[in-house]
Amino acid sequence: MAGIDYTSRIPNNVNLASDSRLQRALEKWQPAFLEWWQQMGPEGWQASDVYLRTAISTDKGGWAHFDYVKMPDYRWGIFLNDAEQDRKIHFGDHAGQPAWQEVPGEYRNILRRVIVTQADTEPASVEQQRYLGATAPSLYDLRNLFQVNVEEGRHLWAMVYLLHGYFGRDGREEADELLQRRAGDEDKPRILDAFNQACPDWLTFFCFTTFTDRDGKYQLGALAESGFDPLARTCRFMLTEEAHHLFVGQTGIERVIRRSVELARQDPNGDARAQGGIDLATIQKYVNYWFSYSLDLFGSEVSSNAADFFASGLKGRWKEDKYEDHSALDATLAIAHVEDGRVVDKAIPLRNAMNEVLRGEYVKDCEGVVEKWNRTLEEDGSDFRITLPSTRFHRRQGLYADSCFDPSGAPISAEAFEARRGEWLPSAADREYVHSLMAPVHEPGKMANWIAAPRRGINNMPTDYEYVKRVD
Ligand code: BYC
Ligand code: FE
Ligand code: FE
């Protein structure tokens, strides 16, 4: 079961051949996807040979195969983790009942909405990253970008399979619309804000893969608990692919930090910018920006949608098994509210606080990442430390969206915020400066001046391996 059938037009491990209607529907969607990829996927490089990994089975450890592939020939397909026998819904109002193998009628609409929202982020991120190939700091980084891009494309396939397979005609219509919305488009934007923000440079890319892909990790983790079994199984496999995206982000920022410290040391005034590097204060501003936009992706702190998702058994908590009480009916969570310009805690029924519960897990994970960056700073002899701003800082969604806070979370006036915005968030001049550093480096093993070399290569290959062979 875990083995993947690569002989059919759409690689899969769901025995697609046995359902000819579904197979035909997906085969009809496939050319539209490929056309979208040509139009909105990585600009240029489509004829180049890229050292990519492809899934060959969903077994633990043994699923990756590495080889040179031209991106349009990547075998996008449908890979679900194996079914667990007699799996039960394990939280919410239906706990103890058999997991659903078909869409429960009463939850059809909310389930479709969650799947569409998840699906929408995948092509959105590819669109946001479309032009980064032109300015890659090394072939190693270029290859990682393309790996992330093809896998986000596959995540779209994972969700489109659910829409086509379980939601009939409206599912097919949603699948078509997923190829019509565009990141950042005024008329047809992507659904969630972070996926309409520009990603014009590699510092942004590394922040995005650290913080925004990490939202993906936690949302997929919550959906991997779902009582709708096909969703749980597909999210479990997506999570194994996701780990590499997070690695790209975390090590990317770490390499920018290392190089920044090194360049500052070479400069008589300790100024990394004077040596063509990215100063640590600028990195901190990009961290503030992408952390806060990614916090928004968890939705409002108090949400009846979130309560419904949990009650219905469709979306659980991160590692739901570690909790003792799976009903979440008799508990509350203290959530900071703003009242008359002051921050006061209020007890919120736990089900309504599920977005905040998941965000809390996410924040802990981000703190661990920042700790690792700070260890690098310490090892390299720098006194600077990266910090995460308060979860109230610079929010666009939820309880704090209509007030202003400083990075410590203290309420401030809108004027005070505007006066200091440039200290806390990337200014136009910061963006321009970072952009000015983005020049492509295509020689194997060579790195752009503003970033340190990776400690090791991909799949045990040396760092100066020719990860991308340009063919024009
Ligand atoms: N931007 O009760 P509320 C990934 C909307 S990332 C714009 O606060 P709810 C990836 C919300 O839709 C993972 N709108 O929120 C990463 C609702 O609209 P309607 C993506 C927003 O519903 C990198 C209204 O505000 N997966 O995989 O409890 C690269 C009030 O809703 C935003 C998922 O998101 C926002 N940030 O929760 C590639 C999982 N936030 O319905 C891929 C599926 C909220 O009133 N989605 N709104 O029109 C969900 O579970 C939920 O929809 C959310 C929101 C957690 C996003
Ligand atoms: Fe994804
Ligand atoms: Fe990802």
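What this report covers is the structure whose coordinates are included nearby. Note that the structure is predicted; figures quoted are calculated from it, not measured. Residue numbers run consecutively from 1 along every chain, following the written order of its sequence. Following the order in which they are written, the chains are lettered starting with A and the ligands numbered starting with 1. At least 70 in pLDDT is required for a residue's local features to be given in this predicted model, at least 80 for side-chain atom pairs to be given and counted, and no such filter applies to totals for whole chains, interfaces and linings, which use all residues.

1. Some remarks on the pairing of strand S1 (residues 49-55)
Logical step 1: Exposure classification rests on a simple neighbour count of other C-beta atoms within 10 Å of a residue's own: a residue reaching 20 or more is buried, one at 12 or fewer is exposed, and one in between is partly exposed. C-beta atoms are placed from the backbone. The numbering of helices and of strands both runs from the N terminus, where a helix is a DSSP run of H or I of at least 4 residues and a strand a run of E of at least 2. In terms of residue burial, S1 counts as a mostly covered element, since five of its seven residues are buried.
Logical step 2: Pairing of S1 with strand S2 (residues 64-70), which is carried by seven bridges, proceeds in the antiparallel orientation. If you follow Ala55 over to S2, its bridge partner there is Ala64.
Logical step 3: Two strands are counted as paired when DSSP detects at least two bridges linking them. Here S1 pairs with strand S7 (residues 468-469) via two bridges, running antiparallel. Bridge assignment links Val50 to a residue of S7, and that residue is Val468.

2. With respect to the sheet that holds S2
Sheets are built from strands paired through backbone hydrogen bonds, the pairs being either parallel or antiparallel.
Logical step 1: Pairing is antiparallel in the open sheet, where three strands are placed in the order S2-S1-S7. Both outer strands of the open sheet, S2 and S7, are each paired with one neighbouring strand and no more.
Logical step 2: For the purpose of contact definition, each residue receives a C-beta atom placed from its backbone, and two residues are in contact when these atoms lie within 7 Å. Here, axes are lines fitted to C-alpha atoms. For helices the fit covers the stretch in contact, and angles between N-to-C directions go from 0 to 180 degrees. Each of S1 and S7 is contacted by helix H3 (residues 139-166), which is oriented at about 40° to S1, the strand it contacts most.

3. Topic: helix H8 (residues 304-311)
Logical step 1: Residues Ala306, Ala307, Phe309, Phe310 and Ala311 constitute the buried set of H8.
Logical step 2: Where the residues of H8 are buried, they touch helix H2 (108-128) and helix H9 (354-379).
Logical step 3: Downstream of H8 by one or two residues, Gly313 has phi in the positive range, about 80°.

4. As for the pairing of strand S4 (residues 342-349)
Logical step 1: With zero of its eight residues buried, S4 lies for the most part at the surface.
Logical step 2: Where strand S3 (residues 332-339) lies against S4, eight bridges are found, and the strand directions are antiparallel. By the bridge assignment, Ala336 is partnered in S4 with Asp345.
Logical step 3: Turn length for the S3-S4 hairpin, with the two strands adjacent in sequence and antiparallel, is two residues, and the turn residue Asp340 shows positive phi of about 50°.

5. A look at the site of ligand 1
Logical step 1: In this analysis a residue is considered near a molecule or strand if the C-beta atom, reconstructed from its backbone, is found within 6 Å of that molecule or strand. Lining the immediate environment of ligand 1, one finds 25 residues, of which Gly216, Gly299, Ser300, Ser303 and Asn305 sit closest.
Logical step 2: Mapped onto the shell around ligand 1, the elements with two or more residues apiece are H2, helix H5 (202-223) and H8.
Logical step 3: For the shell around ligand 1, the element with the most residues is H2, which contributes six residues.
Logical step 4: By the convention adopted, Pro, Cys, Tyr, Trp, Phe, Met, Ile, Leu, Val and Ala count as nonpolar, Lys, Arg, Asp and Glu as charged, and the other residues, Gly among them, as polar. Partitioning the shell around ligand 1 into residue classes produces five nonpolar, 13 polar and seven charged.

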